[in-house]
Structure formats: structure tokens, C-alpha cells
Amino acid sequence: MDEQSIRWDDLQIVWAISETGSLSGAGRRLKVSHATVFRRLGNLEKRLGVALFERSRTGYTPTPAGEDLAAVAQQVEANIKGAERRLAGQDLKLSGNIRITTTDTLYNGLLAPAFAEFRASYPDIELEVVISNQVHSLSKREADIAIRPTRNPPETLVGRRVDTIEQAIYGQRAHWQDTHTPLQTLPGCNWIGPDKHMGDSALEAWMTQHGLDGQCHYRVDSMLGMQMAVRNGAEAAILPCYLGDSDAYLKRLTNPLPELSVPLWILIHPDLRRVSRIKAFTDTMADYIRHALNRSTRT
């Protein structure tokens with residue numbers, strides 16, 4: 001007898017026939033045809049060189065060898081289900097690792113406190129944060145979760161639009177005395193704008209449309225860099241409201257600009273959407289972000 005020829009499928013066949021007493025009953029239980037059960041049983045008995053059932057008009061009765069394999073099948077089934085429960089239990093404990101990618105602006109201006117609160121609430125979950133303005137591939141598992149502003153989220157990912165990032169014009173508090181300035185009075189001032197390497201085509205187009213390119217002699221390739229430049233000079237710049245409103249050195253000079261608002265998404269790979277720690281993290285971040293952004297737009 002070749003012991004290596006016994007597979008889980010073989011054990012299921014023997015167990016099903018033993019339980020139901022017939023080939024047709026085993027077929028219904030395993031959702032295969034009567035002929036398939038007959039063929040697989042015959043092949044198994046041939047490979048093992050032993051009869052597993054006694055055939056009679058009343059049905060199939062297991063031989064001692066058949067009883068042995070049926071008992072093995074029950075034990076294997078119990079072991080498999082036990083392993084599944086243990087794995088599920090580990091997931092329910094909310095432990096493990098989560099790798100998140102986000103931008104430097106979002107991390108510094110919005111997410112760092114949220115991550116700290118999450119770690120305090122779920123100490124058994126480890127966070128790995130990839131801070132980059134480059135898009136990391138969730139399909140290649142370079143990250144598990146992406147938190148990013150985008151108008152066109154990839155169709156291969158799933159997630160939720162948690163809110164909208166509003167943007168407005170800001171200036172240095174010491175230089176600008178008014179808390180609210182009509183937009184039409186601002187083109188005469190000097191501007192800080194995005195460098196082309198920053199990749200914010202919507203902001204570049206807005207500045208061109210409003211004829212501000214001629215007054216923009218200071219360009220920076222990151223939003224955090226633009227924030228610091230505004231803090232230290234007399235120029236005006238477009239900044240996210242969550243970033244500008246929280247900076248005591250800055251003044252918001254206009255209402256949020258609707259044409260520059262951008263959806264904020266929490267995106268995950270479809271294979272991870274039912275993982276408990278991923279769900280706990282995305283739910284926590286969504287609640288925190290909505291509260292923080294709503295508070296910012298009311299400022």
C-alpha cells in the first residue's frame with residue numbers, strides 16, 4: 001500500500017459513504033455526481049490494495065479499513081476547524097502589523113495624533129508608516145492601507161471616502177491684519193506656489209487661471225515647505241485648511257476655495273477588507289479624520 005496516495009479528498013469520500021451508506025448519498029453530501037464518487041472510491045481501493053466497503057443491496061458498509069479511514073477523516077476535519085478557530089481568534093485579539101502609506105502633509109498636519117491614539121487603544125497592533133508623496137502599490141503589498149487625497153482612486157482598491165480636504169489662502173499672521181480678505185484684492189501681492197515636482201496640477205492650474213504666475217517668485221516642492229515659507233515671509237499661498245488653521249503663525253485670508261477641494265480616501269487591498277485589525281484601524285481613522293476636518297472648516 002502506498003501511504004502517500006491518501007489525500008484529503010480521498011478521506012472525504014470514505015467518510016461520506018460511511019456516513020450515508022450509499023454512493024448517491026455521498027455524492028449529495030459532497031456536491032458531486034454518483035459516478036464521480038464511484039470512480040474515486042474505485043481508484044482509492046485500487047491504490048491501497050484493500051476493500052474499504054462491503055457492497056450489498058442495502059448499501060455500503062465500511063470494512064475495518066474503511067472504518068479506520070473514516071475515523072481519520074473525522075479527526076482531520078476536527079483539526080482543520082480547530083485551526084481555523086484559533087486563527088480567527090488571533091485576529092479577533094486585534095494584534096499583528098499594519099503598514100500604512102500617506103503623505104508628509106497629512107501625517108504632520110492630521111494623522112500623527114490619530115496614530116498615537118490608535119496605538120494607545122490597540123497596543124498589540126504594530127504600525128509601520130511609510131511617509132511619501134509617491135504612490136505605493138497596495139497590490140504588491142508595499143503597504144496595507146493608503147490614506148491619500150485623490151480625485152481618482154484606483155479601481156483595483158476598496159475603501160471609503162472619509163471626507164473632503166478644503167483649501168484656502170493663508171498669509172503670515174504678523175503681516176496680514178485682517179482675518180478675512182476678498183479674493184479679488186490678493187492678486188497684487190506676492191505668492192508662494194508649488195514647484196512642478198510637487199505634482200499638484202490642480203493648484204498649478206488654479207494659479208495660472210487667476211493670473212498669479214507673474215507674482216509667484218517662490219516655489220516649493222512640498223506643502224509643508226510652502227507652509228514654512230508662508231510663516232516666514234509676506235507672501236500668500238494656498239494651503240489645506242487642516243494645516244493652515246492649526247498654525248498659530250498663519251491667518252486664513254479667504255473662505256475655502258471649492259474648485260481646489262479634494263476627496264480624502266482610506267484605501268485598502270480587497271483581500272484585507274475583512275481582517276479585524278484593518279477594520280479597527282480604518283474605522284478609527286475615519287472617525288478621527290471627519291471630526292478633525294469638520295473642526296477645521298468651522299474655524
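Whatever comes next refers back to the structure up there.
The structure presented is a predicted model; accordingly, all values stated were derived computationally and were not measured. (Residues numbered from 1 in each chain as written. Predicted model: local features only at pLDDT ≥ 70, side-chain atom pairs only at ≥ 80, totals over all residues. Heavy atoms only, no water.)

### Focus on the sheet that holds strand 5 (residues 145-149)
An order of 4-3-5-12-6 is seen for the five strands of this open sheet, with the pairing classed as mixed. Across the chains shown, the open sheet's two edge strands, defined by having one partner strand only, are strand 4 (125-131) and strand 6 (158-165). With direction set aside, neighbouring strand axes in the sheet form an average angle of 20 degrees. Across three bridges, strand 3 (residues 96-102) lies against strand 5 in parallel orientation. Its bridge partner being in strand 5, Thr 102 is matched across the sheet by Ile 147. The strands touched by helix 5 (residues 104-121) are strand 3, strand 4, strand 5, strand 6 and strand 12 (262-268); relative to strand 4, the strand with the most contacts, the crossing angle is about 175 degrees. (Pairing = 2+ DSSP bridges. Helix = DSSP H or I, 4+ residues; strand = E, 2+ residues; numbered from the N terminus. Axes fitted to C-alpha atoms, helices over the stretch in contact; angles between N-to-C directions. Contact = heavy atoms within 4.5 Å.)

### Some thoughts on the packing of aromatic side chains
The description of an aromatic ring pair rests on the distance of the ring centres and on the angle between the ring planes. For the structure on display, the rule yields six aromatic pairs. Relative to Phe 281, the ring of Phe 115 lies with its centre 5.6 Å away and its plane at 55 degrees, an arrangement referred to as tilted. Of this pair, Phe 115 sits in helix 5 while Phe 281 sits in helix 9 (residues 276-297), placing them 166 residues apart in sequence. Grouping residues by exposure puts Phe 115 and Phe 281 together as buried. The interplanar angle of 35 degrees and the centroid separation of 4.7 Å between the aromatic rings of Phe 118 and Tyr 122 together place this pair among those described as tilted. (Phe/Tyr/Trp six-rings, centres within 6.5 Å; stacked < 30°, edge-to-face > 60°. Buried < 20%, exposed > 50% of the residue type's maximum accessible area, 1.4 Å probe, protein only.)

### Describing the pairing of strand 1 (residues 53-56)
Taken together, the four bridges between strand 1 and strand 2 (residues 59-62) define a ladder with antiparallel strand orientation. Considered in strand 2, the bridge of Ser 56 is made with Gly 59. The hairpin formed by strand 1 and strand 2 contains two residues between the paired strands.

### Observations concerning the side chain of Thr 282
For Thr 282, the position within the fold is in helix 9. Within the structure, the side chain of Thr 282 is placed 3.1 Å from the backbone oxygen of Lys 279, a separation counted as a polar contact. Ignoring sequence-local partners within four residues, the contact set of Thr 282 consists of Ile 145, Arg 160, Ile 266 and Ile 268. (Polar contact = N/O pair within 3.5 Å; in protein donor to acceptor, adjacent residues only side chain to side chain.)

The analysis is restricted to geometry; functional conclusions fall outside its scope.
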